[in-house]
Amino acid sequence: MNRMNEIPKIVGDNFDEFVSKYLYADIPVILKGAASHWNAVKKWSADYLIQTMGTTQITYKKTGSNLHPNLEPRYLLEKSGKEKGSYATKKTNDFENSQFIESSFESYIQKLLTDSFEDRSKYFLGGDVDNFSFFGKKNPKLLPLFSDFIIPPCIPENKIERIGFWMTGRNANSWLHYDGGGACNINAQVTGKKTIYLYDPDEAKNLYMFLATHGEPLNFSQVNFLNPDFNKFPLFESATALVGELEEGDMVYIPRYWIHGFKHTGNLNINVNFWWNTDNVKLNPLSAREDYFERCKSAYDCDGKFDHQSLINFIKLLEENPAIKNVVERVEKSILDA
Ligand SMILES: O=C(O)CCC(=O)C(=O)O
Ligand SMILES: [Fe+2]
C-alpha cells in the first residue's frame, strides 16, 4: 500500500493565513468550514434544487463503472488488440466507453438518490460540461444558483478561468489526474462528503502518467489508485499520498500540477470549484513537460497556446514526422522518470 499522510488543516475562512502559508508555497490545505456561511451550504438540499432548478436541463455522463473517466476498459481493448484507443484523435466518451445524457435537474437528482447503488456510481456531472462560468462568461442555465456562493477573496477575479459545478451520487470516484494547463484550484464541498487523495508533482515518477506523445490523456495517471495493480505499476507502492475528508462547508486547495483523485462518499455530493491562473509556476516534472510541449509547439508553428486542440494538432504532426516524434517522446519520458 502507498504511504498516506494527512492534508494540513486550518479552521474557518482564514484566508490571510492561507495566503501567507499555503497559497504561494504550493502546499495543499483544507480550510475547514470556510464555506459554511454560504447560502449554497445552507440551502442546496435535493428538495430545494428540485424546487428551484427542477426543469433546467443539464448534461451528465454515464460510464461503465464508478470510475470517472473510466480509463480501465481502454487497456482491455488494447490488450485484446481489437481496437487501439487514441486520446488524441478520439472524443473522451469514446475511449472511456461512456455516453452523455441530457436530463432535467429533477430527474438527474432522482436517479442519484433512488437508482441501484451500482448505477448511482456510474453517473457524473462535472468538470468541463456544465460550468458556472468559463473565462468570465456566466452559464445562463445556472444563474439562479450563482449568488449562493462567494468567490474566495484570495482569488483575483480577473484570473479566474472556470467556476465548476459537480453533482454525483454515492461511490463515484474520479480517476487520478492533474488539472489541465496547470491551474490553481480551490474546491468547496457544498453538500455530501468526499475523500481527497493528493500527490506532489514530484511523485510523477511513481505514478505512471500517460504519455502525450503516445496520443494518451497526458494529465491522467495510468494507475487505478483505489485498486492499484502493483505488478504492472510497482513504483506506485513508493508514492506518498496526502489524504483528507471534505465535509459540507469545507474547502480544499489543490496547488497547480498536484495530482488528485476523489472518492465520493455522501448520497448527494455537490461541489463548486474555482480554477485560476497566475504567472508564478514552480518547476516540477509536470510543469516542465507542459512547458516543453509549449516550446515544441511554437517551434513547429502549432499555435503556441496550451489548449487541447493545439496539443492534438501537435501530436498529429509528430505522427507524420517519426524522427521528430522520437526525440520529443524521449524527452517526455525522461522528464517524467526524473
Ligand atoms: O470531485 C471530483 O471527483 C473531481 C474534482 C476535481 O478533479 C477538481 O476539482 O479538479
Ligand atoms: Fe481535477
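Residues numbered from 1 in each chain as written. Chains lettered and ligands numbered in written order. Predicted model: local features only at pLDDT ≥ 70, side-chain atom pairs only at ≥ 80, totals over all residues. Heavy atoms only, no water.

Draft legend 1. Quick look at the site of ligand 1. Residues in close proximity to ligand 1 include Trp166, Ser174, His177, Asp179, Asn185, Asn187, Lys194, His260, Phe262, His264, Asn273 and Trp275, which together make up its full environment. Between ligand 1 and the protein, one listed contact pairs an oxygen atom with a side-chain N or O atom of histidine 177 at 3.0 Å. With respect to ligand 1, the side chain of aspartate 179 contributes an N or O atom lying 3.1 Å from an oxygen atom. The protein chains hide 99% of the 290 Å² of surface that ligand 1 would expose on its own. Sort the elements by how many residues they give to the shell around ligand 1 and strand β16 (residues 259-264) lands first, with 3 residues. Among the residues forming the shell around ligand 1, the class breakdown is 3 nonpolar, 7 polar and 2 charged. (Near = heavy atom within 4 Å. Polar contact = N/O pair within 3.5 Å; in protein donor to acceptor, adjacent residues only side chain to side chain. Areas by Shrake-Rupley, 256 points an atom, 1.4 Å probe, with all protein chains shown as cover. Helix = DSSP H or I, 4+ residues; strand = E, 2+ residues; numbered from the N terminus. Nonpolar A, V, L, I, M, F, W, Y, C, P; charged D, E, K, R; others polar.)

Draft legend 2. Layout of the sheet that holds strand β7 (residues 123-124). The strand order across the open sheet formed by 3 strands is β6-β4-β7, and the pairing between neighbours is antiparallel. Across the chains shown, the open sheet's two edge strands, defined by having one partner strand only, are β6 (99-104) and β7. The pairing of strand β4 (residues 57-62) with β7 spans 2 bridges and is classified as antiparallel. Across the sheet, the residue bridging to lysine 61 is phenylalanine 124, located in β7. (Pairing = 2+ DSSP bridges.)

Draft legend 3. Focus on the pattern of salt bridges. Tallied over the entire structure, the rule returns 14 salt bridges. Across the pair lysine 9 and glutamate 6 runs a salt bridge, and its minimum N-O distance is 3.7 Å. Given the relative accessible area of 62%, glutamate 6 is considered exposed. In this structure, lysine 333 and glutamate 329 form a salt bridge, with 3.4 Å as the shortest nitrogen-oxygen distance. Of this pair, lysine 333 and glutamate 329 both sit in helix α12 (residues 322-337), 4 residues apart, which is roughly one turn of the helix. Taking the relative accessible area as the measure of exposure, glutamate 329 reaches 17% and is therefore buried. Here the residues in one salt-bridge network are Lys32, Glu247 and Asp250, joined through shared partners. (Salt bridge = Lys/Arg side-chain N within 4 Å of Asp/Glu carboxyl O. Buried < 20%, exposed > 50% of the residue type's maximum accessible area, 1.4 Å probe, protein only.)

Draft legend 4. How the structure looks around the sheet that holds strand β9 (residues 137-138). Sheet architecture is open: 8 strands sit in the order β2-β3-β15-β12-β17-β10-β8-β9, paired in mixed fashion. Of all strands in the sheet, those with a lone pairing partner are β2 (9-11) and β9, marking the two edges. Both strand β12 (residues 184-191) and strand β17 (residues 269-276) contribute to a ladder of 7 bridges, which runs antiparallel. Residue pairing across strands places asparagine 185 opposite tryptophan 275, the latter belonging to β17.

Draft legend 5. Quick peek at the confidence of the model for the protein. Summing up the model confidence of the protein, the mean pLDDT is 90 and the portion of residues at 70 or higher is 91%. Overall, residues 79-92 carries pLDDT values under 50, and its contacts beyond four positions in sequence, including any with other chains, amount to 20 contacts. (pLDDT = per-residue confidence, 0-100. Contact = heavy atoms within 4.5 Å.)

Draft legend 6. Quick look at the coordination of the iron ion (ligand 2). Of the protein atoms, only His177 (NE2), Asp179 (OD) and His260 (NE2) coordinate the iron ion (ligand 2), at distances of 2.1 Å. Overall, histidine 260 belongs to the buried group, its relative accessible area being 2%. (Donors = N, O, S within 2.8 Å, 3.2 Å for Na, K, Ca; no water.)

Draft legend 7. How the structure looks around helix α3 (residues 46-53). Within the span of α3, buried status applies to Ala46, Leu49, Ile50 and Met53. Viewed end-on, α3 has its buried residues packed into an arc of 105°, placing them on one side of the element. Exposed residues on α3 whose side chains face more than 90 degrees from its buried face are Asp47 and Gln51. Its buried side turned inward, α3 meets α6 (105-114), α8 (143-146) and β17. (Arc of directions from axis to C-beta.)

Draft legend 8. Spatial organisation of the packing of aromatic side chains. The final tally for this structure, using the stated rule, is 26 aromatic pairs. Relative to tyrosine 123, the ring of tyrosine 108 has its centre 6.5 Å away and its plane inclined at 70°; by these criteria the two rings are edge-to-face. You can see tyrosine 108 sitting in helix α6 and its partner tyrosine 123 sitting in strand β7, a full 15 residues away along the chain. Tyrosine 123 shares its class with tyrosine 108; the two are buried. For the ring pair phenylalanine 134 and phenylalanine 135, a centre distance of 5.1 Å and an interplane angle of 80° mean the geometry is edge-to-face. Judged by its relative accessible area of 52%, phenylalanine 135 falls in the exposed class. Three or more aromatic residues joined by ring pairs make a cluster, and in this case those are Trp38, Trp44, Phe105, Phe132, Phe146, Phe149, Phe165 and Phe274. Positioned above the aromatic ring of tryptophan 275 is the side chain of arginine 162, whose terminal nitrogen or guanidinium carbon lies 4.2 Å from the ring centre. (Phe/Tyr/Trp six-rings, centres within 6.5 Å; stacked < 30°, edge-to-face > 60°. Lys NZ or Arg CZ within 6 Å of the ring centre and 35° of its normal.)

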